[in-house]
Amino acid sequence: MAAHYQILGSTSAAISASVETGIRSGALAAGDALPPVRALATALAVSPATVARAYQELRQRGLVVTAGRHGTRVRPRPPVAPRRAARAPAPAPGTRDVSHGQPDPRLLPPFGPHLAALADTVGPPVGYATTGVHPALAEAARSRLAADGVPADELTVTGGALDGIERLLATHLRPGDAVGLEDPGWANLLDLVAALGLRPVGFPVDEEGPVVCGVRDAVALGVRALVVTSRAQNPTGAAVSADRAGELRALLAGRPDLLLIEDDHAAELSRLPVHPLAGATPTWAFVRSVSKPYGPDLRLAVLAGDEVTVSRVAGRARVGAGWVSTVLQRLVLSLWRDPATTALVDRAADAYERRRRGLLAALADRGVAGHGRSGINVWLPVPDETATVTALRDAGWSVAPGGLSRLGSPPAVRITVSALDDADLVPLADAVAAAVRPAGPVGFTA
Ligand SMILES: Cc1ncc(COP(=O)(O)O)c(C=O)c1O
């Protein structure tokens, strides 16, 4: 949608500041189109080069995206916090929200008893001198990762997976460097890469993970880092298979110039084993978040890697945020050690498996093919994203447009199955089938 916000300014700095103000105030929303360079230049009585410079600066900071004939638009999540009233677009009123990509809050383990136990055992207040990675958490993380074939002698803790990935990219790459990303891939990561001024180079994924020739092409294009999702790839549900891991390891072996990042966000929720690439390259990191199994509000991930990489991430944290609170680290440790919590996470994993398979089967019964080998999402290629999102909204379902997750891959929508009940599957599948194949005159065209 074109925005009606009036951009002002007579220098490129003033013009980009005016756009930023529009985003911050909510007057310019995600997806809003900025005026074409020449039109804005004429309106502001400045040269087109001045406006082009302003747009370029906004692009490099990840506030806007320029996509060929679609012109320049505000990114889905520009790195400028809007005022409270203008935060994330709510799903259409009266619709069921299956667009959010979050775990089912009903299936997250309760923290209450663990917090109460911590209150009794937390000991004297912790000062600056006694912080960092909590030794018992590190030890537990090491043995959990080692059991999955991830060498974790070197390990640190970050404020979630995306925080770890941000520090990895920021300590190895410079603005303008290319980074290889799954296409389609995790929308938040696309936004982060844009905000860091990095150049995304997409590679395709199939059910078994990154497609080898696509990764080869990305490497040939000079990417400095690759991010691969181990399991429950967001949005397609791909999981790296043993064969694919072997092929990718062989392709990437011994490339000292390439940072290989693995994101195992599904962790204990996955019913598929992890086939790590860790160690295939001399420079690598394996990041495992606790957000999906235990709760996004814990803001904690463990990050294993080679010595230099882990030391850079930990060192960069030390001169910035410092460390992840030892209170949170103790809480995660307490959750990991609790058999009742493990049972709840297992139950959630089973529920997600059932809901995802149930929706895929109901769709297949209606002749609609979706993807979702693992995780909490179903990815549905469609001929027209906007038409499908609109038709489903009119039928009472808010789904995510694939455009948030895509670089150059074909149109699709994402449906999060995490909070679906059995009774939802048939109505949702019916609505999807009607939306992707709208009824109309068949056989005769005007
Ligand atoms: C691919 C992927 N990685 C990681 C995460 C979790 O990130 P964080 O640990 O920053 O909450 C998500 C959550 O949606 C995700 O989809």
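What you see is a predicted model; the values in this text were computed from it and never measured. (Residues numbered from 1 in each chain as written. Predicted model: local features only at pLDDT ≥ 70, side-chain atom pairs only at ≥ 80, totals over all residues. Heavy atoms only, no water.)

### Considering the overall build of the protein
Going by this rule: Here a strand is any run of E in DSSP of at least two residues, a helix any run of H or I of at least four, and the numbering for each starts at the N terminus. Contacts: residue pairs with any heavy atoms within 4.5 Å of one another. Charge counting treats Lys and Arg as positive and Asp and Glu as negative, with His and both chain ends excluded. Lys charges are placed at NZ, Arg charges at CZ, Asp charges at CG and Glu charges at CD.
Along the protein, the regular secondary structure elements total 15 helices and 15 strands. Principal-axis analysis of the C-alpha atoms gives the protein an extent of 65 × 55 × 45 Å. Contacts spanning at least 24 positions in sequence make up 73% of the contacts within the protein whose residues lie at least 6 apart. Each charge class in the protein can be summarised by its mean position, and for the 45 positive and 42 negative side chains these summaries are 6 Å apart.

### Focus on the site of the ligand
Here is the rule we go by: It suffices for a single heavy atom of a residue to lie within 4 Å of a molecule or strand for the residue to be listed as near it. A 3.5 Å cut-off defines polar contacts: any pair of N or O atoms within that distance qualifies, except that in protein one atom must be a possible hydrogen donor and the other a possible acceptor, and neighbouring residues in sequence count only when both atoms are side-chain atoms. Note on residue categories: nonpolar means Ala, Val, Leu, Ile, Met, Phe, Trp, Tyr, Cys or Pro, charged means Asp, Glu, Lys or Arg, and polar means any other residue, Gly included.
Close contacts around the ligand come from Gly160, Ala161, Leu162, Trp186, Asn234, Asp263, His265, Ser289, Ser291, Lys292 and Arg299, and that covers them all. Contact distances for the ligand include 2.9 Å between an oxygen atom and a side-chain N or O atom of Asn234. The side chain of Ser289 places a nitrogen or oxygen atom 2.7 Å from an oxygen atom of the ligand. Elements with a minimum of two residues in the shell around the ligand: α6 (161-172) and α10 (291-294). Looking at side-chain class alone, the shell around the ligand contains three nonpolar, five polar and three charged residues.

### Topic: unusual backbone geometry
Along the chain, Asp183 connects to Pro184 via a cis peptide bond; the corresponding omega equals 5°. Structurally, Pro184 is set in the loop between β5 (178-183) and α7 (187-195). The omega angle of the peptide bond from Asn234 to Pro235 is 20°, so this bond is cis rather than trans. Note that Pro235 resides in the loop between β8 (225-229) and α9 (242-252).

### With respect to helix α2 (residues 37-44)
Three or four residues apart is the spacing at which side chains of an α-helix point the same way, because the helix has 3.6 residues per turn. Inclusion rule: Summary of the burial criterion: residues with accessible area below 20% of their type's maximum are buried, those above 50% are exposed, and those between are partly exposed, where the area comes from a 1.4 Å probe applied to protein chains only. Within this analysis, the arc is defined by the directions that extend from the helix axis to the C-beta atoms.
Buried within α2 we find Leu40, Ala41 and Leu44. Buried residues of α2, viewed axially, fall in a sector of 100°; they line one side. Across from the buried face of α2, at angles greater than 90 degrees, the exposed residues are Arg38, Thr42 and Ala43. Summarising the contacts, the buried residues of α2 are in contact with α1 (12-25) and α3 (48-60).

### Details of the pattern of salt bridges
Two side chains that carry opposite charge are able to pair once their charged atoms sit near each other. The condition is simple: When a carboxyl oxygen of Asp or Glu lies within 4 Å of a side-chain nitrogen of Lys or Arg, that pair is called a salt bridge.
What the rule picks out here adds up to 24 salt bridges. The closest approach of N and O atoms between Arg244 and Asp206, which form a salt bridge, is 2.9 Å. Taken together, the positions of Arg244 in helix α9 and Asp206 in strand β6 (residues 199-206) put the pair 38 residues apart, joining distant regions of the chain. Notably, a salt bridge pairs Asp264 with Arg288, separated by 2.8 Å at the nearest N-O pair. You can see Asp264 sitting in the loop between β9 (259-263) and β10 (283-289) and its partner Arg288 sitting in strand β10, a full 24 residues away along the chain. The class of Asp264 is buried, set by a relative accessible area of 0%. Salt bridges sharing partners connect three or more residues here, namely Asp104, Arg106, Arg355 and Asp421.

### Description of the packing of aromatic side chains
Our working definition: In this scheme Phe, Tyr and Trp rings, the latter by its six-membered ring, pair at centre separations within 6.5 Å, and the angle between planes marks the pair as stacked below 30 degrees, edge-to-face above 60, and tilted otherwise.
Overall, the coordinates contain one aromatic pair when judged by the stated rule. Between the aromatic rings of Tyr128 and Trp323, the centroid separation amounts to 5.9 Å while the plane-to-plane angle is 85°, which identifies the pairing as edge-to-face. Taken together, the residues Tyr128 in the loop between α4 (112-121) and α5 (135-147) and Trp323 in the loop between α11 (307-318) and α12 (326-337) connect sequence positions 195 residues apart. Given the relative accessible area of 33%, Trp323 is considered partly exposed.

### Section: the side chain of Ser398
Note that Ser398 resides in strand β13 (residues 397-398). In this structure the side chain of Ser398 is engaged in a polar contact, spanning 3.5 Å, whose partner is the backbone nitrogen of Ala92. Contacts of Ser398, omitting those with residues within four sequence positions, involve Pro91, Ala92, Thr95, Arg96, Asp97, Val98 and Ser99.

### Focus: the packing of helix α14 (residues 385-394) against helix α15 (residues 422-436)
In plain terms, the rule: Axis lines are fitted to C-alpha atoms, over the contacting stretch for helices. Their N-to-C directions set the angle, which ranges from 0 to 180 degrees. For this classification, under 35 degrees means roughly parallel, over 145 means roughly antiparallel, 65 to 115 means roughly perpendicular, and everything else is oblique. Crossing handedness is defined as follows: a turn of the near helix away from the far one that is anticlockwise and smaller than a right angle gives a left-handed crossing, while the clockwise case is right-handed.
Running from N to C, α14 and α15 cross one another at 140°; their axes reach a closest spacing of 9 Å. In terms of orientation, α14 lies oblique with respect to α15. The handedness of the crossing between α14 and α15 comes out as right-handed. When α14 is examined against α15, the residues Thr388, Ala391 and Leu392 are found in contact with a partner set consisting of Ala431, Val432, Ala435 and Val436.

### Thoughts on the nonpolar core
What counts is decided by this rule: What makes a nonpolar core is a set of buried Ala, Val, Leu, Ile, Met, Phe, Trp, Tyr and Cys residues whose side-chain atoms join them at distances within 4.5 Å.
Among the nonpolar cores identified, the biggest contains 51 residues, and Leu145, Val223, Leu226, Leu260 and Trp336 are the most heavily contacted of them. Every residue in contact with Leu145, bar those within four places of it in the chain, is listed here: Val150, Ala152, Leu155, Phe286, Arg288, Val302 and Ala304. In terms of nonpolar packing, the next biggest core, distinct from the first, is built from 24 residues, Leu363, Leu380, Leu420 and Val432 among them.

### Regarding the UniProt feature "domain: HTH gntR-type" (unreviewed entry) in the protein
Rules: UniProt positions are given in the numbering used here, feature names are shortened, and annotations may be inferred rather than shown by experiment.
Per the UniProt record, "domain: HTH gntR-type" (unreviewed entry) is annotated on residues 9-77. Summarising residues 9-77: 51% helix, 9% strand, and an end-to-end C-alpha distance of 24 Å.

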